[in-house]
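Here is what each chain is made of, one letter per residue.
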Amino acid sequence: MSDNNFESSKKRYRRVLSIAGSDPSGGAGIQADIKTISACGCFATTAITSIVDENTLGVTDVHPVPIRFVTGQIRSVLDDIGTDAIKIGMLHSAELVKAVKTTLDDYPEITNIVLDPVMVATSGDPLLEADAVDTLKNLLIPRAAVITPNIPEAEILLGEKIENNDQLPDAARKLSESCGGVSVFLKGGHLTDNDLIDYFYNGKTGEILSMSSERIATRNTHGTGCTLSSALASFMAKGAPLDIAALNAKRYISAAIESGAEYEIGHGHGPVNHFFQWIGG
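First, a word on what this report is: a plain description of the structure on this page. Along each chain, numbering runs from 1 in the same order as the chain's sequence is written. It should be noted that, the model being predicted, local features are given only for residues of pLDDT at least 70 and side-chain atom pairs only at 80 or more, the latter also being counted only at that level, while totals for whole chains, interfaces and linings use all residues. As a rule here, side-chain values come from all non-hydrogen atoms in the structure, and water together with hydrogens is ignored.

## A short note on the packing of helix 4 (residues 94-104) against helix 5 (residues 132-140)
- Between the N-to-C directions of two axes lies an angle of 0 to 180 degrees, each axis being a line fitted to C-alpha atoms and, for a helix, fitted only over the stretch in contact. Counting from the N terminus, the helices are the DSSP runs of H or I reaching at least four residues and the strands are the DSSP runs of E reaching at least two. One way to put it is that helix 4 packs onto helix 5 with a least axis distance of 8 Å and a crossing angle of 15°. Here helix 5 runs roughly parallel to helix 4, going by the angle between their axes. By crossing handedness, the relation of helix 4 to helix 5 is classed as right-handed. Between helix 4 and helix 5, the residues in contact are Ala94, Val97, Lys98, Val100 and Lys101 and Ala132, Thr135, Leu136, Leu139 and Leu140, respectively.
- Gly falls in the polar group here, along with every residue not listed as nonpolar (Ala, Val, Leu, Ile, Met, Phe, Trp, Tyr, Cys, Pro) or charged (Asp, Glu, Lys, Arg). When the residues that make up the contact of helix 4 with helix 5 are grouped by side-chain class, the tally is 7 nonpolar, 1 polar and 2 charged. Roughly parallel refers to an angle under 35 degrees, roughly antiparallel to one over 145, roughly perpendicular to one between 65 and 115, and oblique to any angle outside these ranges. A clockwise turn of the near helix away from the far one marks a right-handed crossing, whereas an anticlockwise turn of less than a right angle marks a left-handed crossing. We call two residues in contact when some of their heavy atoms are within 4.5 Å.

## Some words on the state of the cysteines
- Our working definition of a disulfide is a cysteine sulfur pair at a distance within 2.5 Å. Here the structure, examined in full by the defined rule, presents 0 disulfides.
- Residue Cys179 stays outside any disulfide, its sulfur separated by 19 Å from that of Cys226, the closest cysteine.
- When its relative accessible area of 1% is taken as the criterion, Cys179 is described as buried.
- Cys226 carries a free sulfur, and the closest cysteine sulfur to it, the one in Cys40, is 14 Å from it.
- Note on exposure labels: buried denotes an accessible area under 20% of the residue type's maximum, exposed denotes more than 50%, and partly exposed covers the range between, all computed with a 1.4 Å probe on protein chains only. Taking relative accessible area as the criterion, Cys226 reaches 14% and is therefore assigned buried.

## Thoughts on the pairing of strand 2 (residues 43-55)
- Two elements, strand 1 (residues 15-22) and strand 2, share 7 bridges in a ladder whose sense is parallel. Each residue of the ladder has a partner; that of Arg15, found in strand 2, is Phe43.
- Note on handedness: a clockwise path from strand one over the helix to strand two, with the strands aimed away from the viewer, defines a right-handed crossover. Each parallel crossover has a hand, and for strand 1 linked through helix 2 (residues 29-39) to strand 2 it is right-handed.
- Sheet analysis places strand 2 next to strand 3 (residues 58-64), joined by 6 bridges and oriented antiparallel. What sits directly across from Ile51, in strand 3, is His63.
- One bridge is not enough; two strands pair if DSSP finds at least two bridges between them. What sits between the antiparallel neighbours strand 2 and strand 3 is a turn of 2 residues.

## A word on the sheet that holds strand 6 (residues 146-147)
- Reading across the sheet, the 9 strands line up as 3-2-1-4-5-6-7-8-9 and stay open at both edges, with mixed pairing between neighbours. Pairing within the sheet leaves two strands with one partner each, and these edge strands are strand 3 and strand 9 (208-213).
- Relative to strand 4 (residues 85-88), strand 1 runs parallel, the two sharing 4 bridges. Considered in strand 4, the bridge of Leu17 is made with Ile86.

## Let's talk about the packing of aromatic side chains
- To pair, rings of Phe, Tyr and Trp, with the six-membered ring standing in for Trp, must have centres within 6.5 Å; the planes then decide the type, stacked if under 30 degrees apart, edge-to-face if over 60, and tilted in the middle. For the structure shown, the criterion picks out 4 aromatic pairs.
- Summarising the aromatic geometry, the rings of Tyr252 and Phe276 are spaced 5.4 Å apart at their centres and angled 45° between planes, so their arrangement reads as tilted. With a gap of 24 residues between them, Tyr252 in helix 9 (residues 242-260) and Phe276 in the segment after helix 9 connect regions that are remote in the sequence.

## Structural notes on a nonpolar patch on the surface
- Patch membership requires more than 30% relative accessible area and the absence of a salt bridge. Residues of like charge join within 9 Å; the nonpolar side chains Val, Leu, Ile, Met, Phe, Trp and Tyr join within 5 Å. Accessible surface is estimated by sampling points in the Shrake-Rupley manner with a 1.4 Å probe; for residues, cover comes only from the protein chains shown. Any carboxyl oxygen of Asp or Glu that lies within 4 Å of a side-chain nitrogen of Lys or Arg is treated as forming a salt bridge with it. Residues Tyr13, Phe43 and Ile81 make up a contiguous nonpolar surface patch of about 320 Å² in total accessible area.
- Among the secondary structure elements, Ile81 is positioned in the loop between helix 3 (67-80) and strand 4.

## Side note on the pattern of salt bridges
- Taken as a whole, this structure holds 12 salt bridges when the rule is applied.
- Among the ionic pairs, Arg15 bridges to Asp84, the shortest N-O distance being 3.1 Å. Note that Arg15 is positioned in strand 1 and Asp84 in the loop between helix 3 and strand 4, a separation of 69 residues in sequence.
- Arg15 sits in the partly exposed class, given a relative accessible area of 22%.
- Residues Asp170 and Lys174 are paired through a salt bridge, measuring 3.5 Å at the closest nitrogen-oxygen approach. Of the two residues, Asp170 and Lys174 both sit in helix 7 (residues 168-178), 4 residues apart, roughly one turn of that helix.
- Classification of Asp170 as partly exposed rests on a relative accessible area of 31%.

## Points about the nonpolar core
- Take the buried Ala, Val, Leu, Ile, Met, Phe, Trp, Tyr and Cys residues and link them wherever side-chain atoms come within 4.5 Å; each set so joined is a nonpolar core. Counting 42 residues, the largest nonpolar core has Ile19, Ile74, Ile88, Leu91 and Val100 as its most contacted members.
- If near-sequence neighbours (up to four positions away) are discounted, Val100 is found in contact with Ile19, Ile74, Ile88, Leu91 and Leu140.
- Core analysis: the next-biggest nonpolar cluster, separate from the first, contains 28 residues, Cys40, Ala231, Ile253 and Ile257 among them.

Purely geometric numbers; function is a separate question.
Have a look at this one:
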């Protein structure tokens, strides 16, 4: 057997690249992404954008990684390993947003991009500089296939308040229309309605999917946004259509929250249980 035939017989991983910040407490950011991507059956690669000094109680400081080093990590991964999907998380500055967009433009074949517009941590600490919001909305979001805003992030992107579940379908559609036709996974967890309903607006078909789940009484919600977006990217990497990927990601995060609620770690907002399939509730 020739070397070429031997190589072609090898199995291939489904690969997901996470471009995000690092969380030393392990519940959010790159650490949550690696756990989620692995739990969802894919191979995780990373490009770290910032080193965040944080724990379950909040964010103390953010140390940005030099932009040329961030883009270097992206190119190193894509030029060698390649990817089946990309998840983009914390970018923190307009300059970095522009640099990531410019870098990804060199890989037009990569279309499975999930962007989590990280602006505020679970603790309430800001994670995106104010002048970067417009750059994110106008430059990078249209390059993505799906964005996954929560209510506060959607309000910032739309410039209007969202106060109840009935507004979510229209808000998701407006977000898509104002951001170049991107699909929108709008998370309803910040609302106080009894039912927790997320909506997925498919920017390609114009159809909207309502996804409800039981609201779990827990403060262990650190990194839920990172986890959801990484799960979505993973299912897209595995070839699932957008609507099915959204449903699978919703089921994954719901189960991770439910299982994680039974644990205590740290003194603030604990993490979800990313490995609930193996670490029992």
